Structures are given as structure tokens and as C-alpha cells.
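Chain by chain, the residues:
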Amino acid sequence: MVEDLVDGPADAAVDLTTWIGRVESVDDVLGATPVAALTATLDHPARPVPAGTPLPPLWHWLYFLPVHRQSELGPDGHAERGGFLPPVPLPRRMWAGGRFAFHTPLRVGDAVVRTSTIEDVVPKQGRTGPLVFVTVRHEVSRRGDVTPALVEHHDIVYRAEKAPGEVEPPPTAAPTGAPWQREVVPDDVLLFRYSALTFNGHRIHYDRRYVTQVEGYPGLIVHGPLLATLLLDLLARNAPDADVAAFRFRAVRPTFDLHPFRVNGAPQDDGTVHLWAQDHEGLLTMDATATLR
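Residues numbered from 1 in each chain as written. Predicted model: local features only at pLDDT ≥ 70, side-chain atom pairs only at ≥ 80, totals over all residues. Heavy atoms only, no water.

Side note on the overall build of the chain
Point 1. In terms of regular secondary structure, the chain is built from four helices and 11 strands.
Point 2. In terms of overall size, the chain behaves like a compact globule, its C-alpha atoms giving a radius of gyration of 19 Å where 293 residues would be expected to give roughly 19 Å.
Point 3. Considering only C-alpha atoms, the chain reaches an extent of 50 × 45 × 35 Å along its principal axes.
Point 4. At a minimum sequence separation of 6, the contacts of the chain that also span at least 24 residues come to 74%.
Point 5. In the chain, which carries 27 positive and 36 negative side-chain charges, the distance between the mean positions of the two groups comes to 2 Å. (Helix = DSSP H or I, 4+ residues; strand = E, 2+ residues; numbered from the N terminus. Rg over C-alpha atoms; globule rule 2.2 N^0.38 Å. Contact = heavy atoms within 4.5 Å. Lys, Arg positive; Asp, Glu negative; His and termini not counted. Charge placed at Lys NZ, Arg CZ, Asp CG, Glu CD.)

Next up, the structure:
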């Protein structure tokens, strides 16, 4: 998601930077059922998931789910602002991107802990209004291990309500001629299943009336994490023996459920793989790089 930015406060009444340094820890056990369910959702053949099965990169998102009570949810389906994440007074929240370092595999049956830290909170003034960028560092470790199995930096952007006649930033054309390509149909069932698997109540992914009438988008929005997962899934389909050491992705513009979209990949000479998603008009929606061992 691209904006012209300048430094400046988003809301002088709330000092959001006081949330920097807050820490939260969550325990979980890596069960087999979520792995089997996402395998089916990504349209792979069913296969056994015994204890010790390694999780593909990014599939840790199936765990550490935000189990807030129904009465704690806000009008957008997320938990009410405040608590661990800062109470940003802007209504639209999007996953802007992420960066990952994969050190050792996580495996089905592992008892794990995720330690999350608010690493940065940056108010900005964008071309279309105030923005707030929040960066959360997640470290996921097997219970008892000294070093994390993976480290994730999660970038969240909060935006003001869409103004009448607001013009989106100029689009970027996606690269052409990718050796790896796959078309994906983002129907309601795919979006519902991924929301259910990640216990994501954000209404922009399943409530068409809300996303069009309240947030002003033309259709349901494909989850950023789902797009990132589909990009690494494309790599796995074309290079099943690849060992991903690091991954980064950036959301460029929303992907809507109104048309099929395409995920693409191109191995590079430096040992990385360039991965990207594009919409039906050939416009870039997500840009990513996987670094292989």
C-alpha cells in the first residue's frame, strides 16, 4: 500500500508511542488439524500429518489465534483498540507487509511460545489523510529452547475512513514473463475458510455490505497473509526441495474477490526467488522475495 508520506502526528490526543516496548507471550501446541485444513484450502491432495511433520513457512499463522470474547470485538470485527496493540483512532486497518527469518523448522506436536513486542509506532500524514504504522516483532520458539525458531516483523497500517471521491495511489504494472504462474479464484468460500482457520473476524474479508458501504471498497478484500502464503505455496509447488531461510513481502494495493488474480515467481541468479501477485488488470498487488539456503 503506497502513500506519499510526511512525518507528523495522526492524533495529538493520544501518545501512541508509549506502547513501544510492550510485550505479550502466548503458548500453543502445533496440532495436525489446522495443517490438514490449510492443505485442503490450498487445494493440495489430502496427506497424513503425523507428529514431527514440519510446518511450511508462514503456516505458524494457524496458531496463537486471537480468542477475544464476542463482547470485546469492535464494529470492524477486530478486538476493541487498546490492550497489547495501541488504541489507534483510525478505523481502517490493513496488513502492510512482513519480514521473516526462519532458523529451525517448527513441527507438528511441538509445544511453542510466541513472544511479541511492539517495536515501533510511527504516525504519518499521507496524501489522503493521517496514517499510523505499527511494527510488531514476533519470536516463535519451541518450549525450552533458548533461540527462536523464527523471527517475524509484522507491519500494520491504520488509515482514516475513505473520503468521497478519494483517488487511490497510481498503480504499478506487474512484471511479465514469469516462469512460475498460477491463477487463483478468490471466491467467498476461500476467504471464509482462511478467516476461519486464522480466527480472523475482520469483516472486510467476508461481509460484503460492511466492506462496500462502511469502508468504501468495491468488494471483499483477500487477506494479505493469504496472498503471502499463496506466494510461498507457488514456490513449493515449483521447487519442492527449496529451503526458505528468509522471506519478505509488501502489500502494494488491495486484491478484491471480484476477479481471479495470479501469483507469479521467478528464480534469481543470487539464490533468491522473486514472487509477486497481480490482479486481473495486470497491476501489482503484492511484491515479495524469498531467500533460499
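Concerning unusual backbone geometry
Point 1. Residue leucine 58 is not a glycine yet carries a positive backbone phi of 85 degrees.
Point 2. On the secondary structure map, leucine 58 appears in the loop between helix 1 (32-41) and strand 3 (92-102).
Point 3. With relative accessibility at 1%, the residue leucine 58 sits in the buried group.
Point 4. A positive phi angle, close to 55 degrees, is found at phenylalanine 64, a residue other than glycine.
Point 5. If you trace the backbone, phenylalanine 64 turns up in the loop between helix 1 and strand 3.
Point 6. Residue phenylalanine 64 is classed as buried on the basis of its relative accessible area, which comes to 5%. (Buried < 20%, exposed > 50% of the residue type's maximum accessible area, 1.4 Å probe, protein only.)

Some points on the confidence of the model for the chain
Point 1. Averaged over all residues, the pLDDT of the chain equals 92, while 95% of them reach at least 70.
Point 2. When the criterion is pLDDT under 50, residues 1-12 qualifies, and its contacts beyond four places in sequence or with other chains add up to 35 contacts. (pLDDT = per-residue confidence, 0-100.)

Examining the pattern of salt bridges
Point 1. Tallying each qualifying case throughout the model produces 11 salt bridges.
Point 2. One salt bridge in this structure joins aspartate 233 and arginine 182, with 3.7 Å as the shortest N-O distance. With a gap of 51 residues between them, aspartate 233 in helix 4 (residues 224-238) and arginine 182 in strand 7 (residues 180-184) connect regions that are remote in the sequence.
Point 3. The class for aspartate 233 is buried, based on a relative accessible area of 8%.
Point 4. Each of Asp110, Arg142 and Asp145 takes part in salt bridges that share partners, so that together they form one network. (Salt bridge = Lys/Arg side-chain N within 4 Å of Asp/Glu carboxyl O.)

Examining the packing of aromatic side chains
The description of two aromatic rings rests on the distance between their centres and on the angle between their planes.
Point 1. Per the stated rule, a full pass over the model turns up seven aromatic pairs.
Point 2. Between tryptophan 61 and tryptophan 95 the ring centres are 5.2 Å apart and the planes differ by 70 degrees, which places this aromatic pair in the edge-to-face class. Highlighted residues: tryptophan 61 in the loop between helix 1 and strand 3 and tryptophan 95 in strand 3, separated in sequence by 34 residues.
Point 3. In this structure tryptophan 61 comes out as buried when scored by relative accessible area, which is 10%.
Point 4. Using a relative accessible area of 23% as the deciding quantity, one classes tryptophan 95 as partly exposed.
Point 5. Among the aromatic residues, ring-to-ring pairing joins Trp61, Trp95, Phe100, Phe102, Phe247 and Phe249 into one connected group.
Point 6. Taking the ring centre of tryptophan 19 as reference, the NZ or CZ of arginine 22 above it sits at 4.2 Å. (Phe/Tyr/Trp six-rings, centres within 6.5 Å; stacked < 30°, edge-to-face > 60°. Lys NZ or Arg CZ within 6 Å of the ring centre and 35° of its normal.)

Here we look at the packing of helix 2 (residues 188-197) against helix 4
Point 1. The geometry of helix 2 relative to helix 4 is characterised by a closest axis approach of 10 Å and an angle of 100 degrees between their N-to-C directions. It follows from the interaxial angle that helix 2 and helix 4 lie roughly perpendicular. Taking contact as the criterion, the partners of Leu190, Leu191 and Tyr194 in helix 2 are, on helix 4, Pro225, Leu226 and Thr229. (Axes fitted to C-alpha atoms, helices over the stretch in contact; angles between N-to-C directions. Parallel < 35°, antiparallel > 145°, perpendicular 65-115°, else oblique.)

A look at the pairing of strand 9 (residues 261-267)
Point 1. For strand 9, the buried fraction is high: five of the seven residues fall into the buried class.
Point 2. As judged from the six bridges shared by strand 9 and strand 10 (residues 272-278), these two strands associate in the antiparallel manner. Bridging from a neighbouring strand, arginine 262 pairs with glutamine 278 of strand 10. (Pairing = 2+ DSSP bridges.)

Comments concerning the environment of arginine 182
Point 1. Taking the relative accessible area as the measure of exposure, arginine 182 reaches 22% and is therefore partly exposed.
Point 2. Excluding residues that lie within four positions of it along the chain, arginine 182 makes contacts with Leu42, Asp43, Leu230, Asp233, Leu234, Arg237, Phe261, Arg262 and Val263.

Brief notes about the nonpolar core
Point 1. Core analysis: the largest hydrophobic core is formed by 57 residues, its most contacted members being Phe247 and Leu275.
Point 2. Of the residues forming this core, the biggest block, eight residues, is contributed by helix 4.
Point 3. Non-local contacts of leucine 275, meaning those with residues more than four positions away in its chain, are made with Leu231, Leu232, Leu234, Leu235, Phe247, Asn264, Gly265, Met286, Asp287, Ala288 and Ala290.
Point 4. With 12 residues, the next largest nonpolar core counts Phe84, Leu85, Val88 and Val136 among its residues. (Core = buried A, V, L, I, M, F, W, Y, C linked by side-chain atoms within 4.5 Å.)

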